[in-house]
Amino acid sequence: QVQLVESGGGLVQAGGSLRLSCAASGRAFSRYAMGWFRQAPGKERELVAGISLSGGITSYADSVKDRFTISRDNAKNAVYLQMNSLKPEDTAIYYCAASSLSVASSLPRRYESWGQGTQVTVSS
């Protein structure tokens, strides 16, 4: 398994931007599809964006398409989530997760490793 540590969360006004980072250590990072999930109070954890092993295939929740961009740098063992045009409804704890599948799944149970999460709060 890989160990994951997120960073980059914080408080931002609506319309602003944040860039989340996830640093991985342990087994070969390039063998894992990666996902960014989020969970708001009282809601289920949902996949925000996913990226395949090489980065060639990405997927996004409809609610974040055209606003968020996921990317990875296998040489640096890192995955990123660039979030633009943030809305109050984007407020949640954001988690980085690693899956041994070749492409990212929307199902949390498909992911073997999780970070501790980073809080993103968007004020109106």
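Up top is the structure.
In this text the structure is predicted, and so the values were computed from the model without any measurement.

### Some points on the state of the cysteines
Turning to step 1, where the next piece is worked out: A full pass over the atoms with the stated rule returns one disulfide.
Turning to step 2, where the next piece is worked out: The disulfide bridge from C22 ends at C96, spanning 2.1 Å between sulfur atoms. Taking the sign of the S-S torsion, about -80 degrees here, the bridge from C22 to C96 comes out left-handed. Of this pair, C22 sits in strand β3 (residues 18-26) while C96 sits in strand β9 (residues 92-99), placing them 74 residues apart in sequence.

### Considering the environment of Q39
Turning to step 1, where the next piece is worked out: Looking at where Q39 falls in the secondary structure, it is placed in strand β4 (residues 33-39).
Turning to step 2, where the next piece is worked out: Residues Q39 and Y111, spaced 72 residues apart in sequence, show a C-alpha to C-alpha distance of 15 Å.
Turning to step 3, where the next piece is worked out: With near-sequence residues (within four places) excluded, Q39 lies in contact with E44, R45, A92, I93 and Y95.
Turning to step 4, where the next piece is worked out: One polar contact links Q39 to R45, side chain to side chain, over a distance of 3.2 Å.

### Examining the nonpolar core
Turning to step 1, where the next piece is worked out: Of all hydrophobic cores here, the largest spans 29 residues; its most connected members are M34, W36, V79, L81, M83 and Y94.
Turning to step 2, where the next piece is worked out: Elements with a minimum of two residues in this core: β1 (2-7), β3, β4, β5 (46-51), β7 (68-73), β8 (78-83), β9 and β11 (118-123).
Turning to step 3, where the next piece is worked out: Sequence-distant contacts of Y94, defined by excluding residues within four places in its chain, comprise E6, L20, W36, F37, R38, V48, F68, L81, M83, G117, T118 and V120.
Turning to step 4, where the next piece is worked out: Judged by nonpolar contacts, the second largest core, of six residues, contains F37, Y95, A104 and Y111.

### Examining the sheet that holds β7
Turning to step 1, where the next piece is worked out: Taken in spatial order, the four strands make up an open sheet running β1-β3-β8-β7, and their pairing is antiparallel. Looking at the sheet topology across the chains shown, the edges are occupied by β1 and β7. Adjacent strand axes in the sheet meet at a mean angle of 15 degrees, parallel and antiparallel pairs treated alike.

### So, the pattern of salt bridges
Turning to step 1, where the next piece is worked out: Counted according to the given criterion, the structure contains four salt bridges.
Turning to step 2, where the next piece is worked out: In this structure, R67 and D90 form a salt bridge, with 2.8 Å as the shortest nitrogen-oxygen distance. Of the two residues, R67 is situated in the loop between β6 (58-60) and β7 and D90 in the loop between β8 and β9; the sequence distance between them amounts to 23 residues. Both residues of the pair, R67 and D90, count as buried.

### Topic: the environment of S71
Turning to step 1, where the next piece is worked out: You can see S71 is positioned in strand β7.
Turning to step 2, where the next piece is worked out: A residue is classified by how much of its surface remains accessible, and S71, at 30% relative accessible area, is partly exposed.
Turning to step 3, where the next piece is worked out: Placed 44 residues apart in sequence, S71 and R27 show a C-alpha to C-alpha distance of 19 Å.
Turning to step 4, where the next piece is worked out: When sequence neighbours within four positions are dropped, the list of residues in contact with S71 reads I51, V79 and Y80.

What counts and how
Residues numbered from 1 in each chain as written. Predicted model: local features only at pLDDT ≥ 70, side-chain atom pairs only at ≥ 80, totals over all residues. Heavy atoms only, no water. Disulfide = S-S within 2.5 Å. Helix = DSSP H or I, 4+ residues; strand = E, 2+ residues; numbered from the N terminus. Contact = heavy atoms within 4.5 Å. Polar contact = N/O pair within 3.5 Å; in protein donor to acceptor, adjacent residues only side chain to side chain. Core = buried A, V, L, I, M, F, W, Y, C linked by side-chain atoms within 4.5 Å. Buried < 20%, exposed > 50% of the residue type's maximum accessible area, 1.4 Å probe, protein only. Pairing = 2+ DSSP bridges. Axes fitted to C-alpha atoms, helices over the stretch in contact; angles between N-to-C directions. Salt bridge = Lys/Arg side-chain N within 4 Å of Asp/Glu carboxyl O.

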